[in-house]
Amino acid sequence: MKGLFLNNTPLSLYVHLPWCETQCPYCDFSITTDPVDGNDVRLADAIIKDIKHSSDLIADRKFKSIYFGGGTPSLASTQSIKQILNSIRDRLASSEIEITLEMNPNDVSEKKVEELLGAGINRVSLGIQSYINKELQALGRNHDRKSAIQATKILEDVNSTIDLIYGIEKQTPESLAENLEIIIASNVNHLSLYQLTIEPNTIFYKKELLLPDEGAIEKMEVIAKDLLEKNGFEQYEVSSWSKSGYKSQHNLNYWQFGDFLGVGPGSHSKISNKQEIIRYRKIKPLEGYIQNQKSADLKTIVDDELDMDLAMNLLRIKDGLQHQDLPIDLPASFLKKYQKGIDEGLLLKDKIGATQKGYQFLNETIQLFF
Ligand SMILES: C[S@@+](CC[C@H](N)C(=O)[O-])C[C@H]1O[C@@H](n2cnc3c(N)ncnc32)[C@H](O)[C@@H]1O
Ligand code: SF4
């Protein structure tokens, strides 16, 4: 018996480093274009304090994975990354856990990568988005094809993953294929392929964009599936493709409904604590967070909201999950809605997951739990 909310839920650590050189017009992440100089070390000190003050939430658990996301963590000095990692050495589940750091192409040099690996980073997530200059300009990125190719080459022998965006203005299925061919020819073992979303509060939201139509998007998805599968990549989540043995342990923990402690300005946490599951966030302003790492918008997740939360995470995993691999016993209300999905041919009987049809129309399938 697992019990609904016990403190043995697997726990990962997310460290938010908000630094960015410029604000990309499609991005709604919590970022700052304030200078990094010296502030990275002040932020690292605040993050270390934040983790220390979270010991009740961590309980006696060890971190199963660590992810430095942003923003652009590669703008922070390696010294500040080392500072954070050194402060939590005794909180790691083993010396082998996945420790990922996001890099932007312009920051990738042999020296920087070597330093980061020396500090304990063992996986790099490279924000390429596209290798095609026209597309990079349409996204307002501060790197070009040359920088993207060079960064991919430098990371050739490093455990790394690439982020690509599709559905960019003026992009065609052929130009997406060109992007994917470059990744396939490289040694990269993991790809996150995101459709461009137009988020409120971004510059793109206010602009008239000539985005590819639905037919072109569908074609892109078919081409991507075909090319990636032919070349040894398996889709294991909505946006995630990996070669055998290289699934992201950190992201899988989110989708399997594990816990995560988020530290850094604007980070989010989910913690199963005593009798409840809570979510909260940290305030966004950098200086405010450095001064005081207090939590905001603390919320207990129960009833319908818990069902939705479970569906929105668990059903993203393409092959589904065995009941015994879940960190909690599923609530009766969830199981009742799940049975309706089985009856409609959208959900699997023998494990928790979507059928082929249910996965193809995942948004509609998830609506069963609203
Ligand atoms: C934290 S973000 C940024 C990481 C890194 N700073 C960069 O920009 O390369 C992680 C990833 O989310 C994706 N992303 C961000 N905004 C997006 C949007 N509006 N639509 C689709 N993907 C987005 C990008 O692929 C990006 O690499
Ligand atoms: S997409 Fe990346 S580089 Fe651009 S503003 Fe967002 S976090 Fe910064």
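Where an unreviewed UniProt entry is consulted, the protein appears under the name Heme chaperone HemW, with the organism given as SAR86 cluster bacterium SAR86E. Within the UniProt record for the protein, the comment given under Subcellular location (unreviewed entry) is "Cytoplasm". Under the heading Function (unreviewed entry), UniProt records this for the protein: "Probably acts as a heme chaperone, transferring heme to an unknown acceptor. Binds one molecule of heme per monomer, possibly covalently. Binds 1 [4Fe-4S] cluster. The cluster is coordinated with 3 cysteines and an exchangeable S-adenosyl-L-methionine."

Novice: Can you help me understand the pattern of salt bridges in this one?
Specialist: If the charged atoms of two oppositely charged side chains come close together, the side chains can form a pair. Per the stated rule, a full pass over the model turns up 16 salt bridges. Across the pair Arg42 and Glu287 runs a salt bridge, and its minimum N-O distance is 2.8 Å. Placement of Arg42 in helix H1 (residues 39-53) and of Glu287 in helix H11 (residues 286-291) is noted, with a sequence separation of 245 residues between them. For Glu287, a relative accessible area of 38% corresponds to the partly exposed category. In this structure, the salt-bridge partner of Glu156 is Lys153, at a minimum N-O distance of 3.5 Å.

Novice: Where do I start with the packing of helix H3 (residues 78-87) against helix H4 (residues 110-119) in this structure?
Specialist: Angle between the axes and distance between the axes are the two parameters that describe a pair of packed helices. Across the interface, H3 lies against H4 with an axial gap of 9 Å and an inter-helix angle of 10°. Our classification of the angle between H3 and H4 gives roughly parallel. Crossing of H3 against H4: the hand is right-handed. Only Lys112, Glu115, Leu116 and Ala119 of H4 make contact with H3, whose side of the interface consists of Thr78, Ile81, Lys82 and Leu85. Per-class residue counts for the contact of H3 with H4 are 4 nonpolar, 1 polar and 3 charged.

Novice: Please explain the site of ligand 1 as it appears in this structure.
Specialist: In the vicinity of ligand 1 lie 16 residues, with Gly70, Gly71, Gln129, Arg141 and Asp163 positioned nearest. Within the side chain of Gln129, an N or O atom sits 2.7 Å from an oxygen atom of ligand 1. Separating a nitrogen atom of ligand 1 from a backbone N or O atom of Thr197 is a distance of 2.9 Å. Its free accessible area being 560 Å², ligand 1 has 90% of it covered by the protein chains. Looking at the shell around ligand 1, the elements with two or more residues in it are strand S4 (123-129), strand S5 (160-166) and strand S6 (190-195). The residue makeup of the shell around ligand 1, split by class, is 5 nonpolar, 8 polar and 3 charged.

About the criteria used
Residues numbered from 1 in each chain as written. Chains lettered and ligands numbered in written order. Predicted model: local features only at pLDDT ≥ 70, side-chain atom pairs only at ≥ 80, totals over all residues. Heavy atoms only, no water. UniProt positions renumbered as here; feature names shortened; annotations may be inferred. Salt bridge = Lys/Arg side-chain N within 4 Å of Asp/Glu carboxyl O. Helix = DSSP H or I, 4+ residues; strand = E, 2+ residues; numbered from the N terminus. Buried < 20%, exposed > 50% of the residue type's maximum accessible area, 1.4 Å probe, protein only. Axes fitted to C-alpha atoms, helices over the stretch in contact; angles between N-to-C directions. Parallel < 35°, antiparallel > 145°, perpendicular 65-115°, else oblique. Left-handed = near helix turned anticlockwise from the far one by under 90°. Contact = heavy atoms within 4.5 Å. Nonpolar A, V, L, I, M, F, W, Y, C, P; charged D, E, K, R; others polar. Near = heavy atom within 4 Å. Polar contact = N/O pair within 3.5 Å; in protein donor to acceptor, adjacent residues only side chain to side chain. Areas by Shrake-Rupley, 256 points an atom, 1.4 Å probe, with all protein chains shown as cover.

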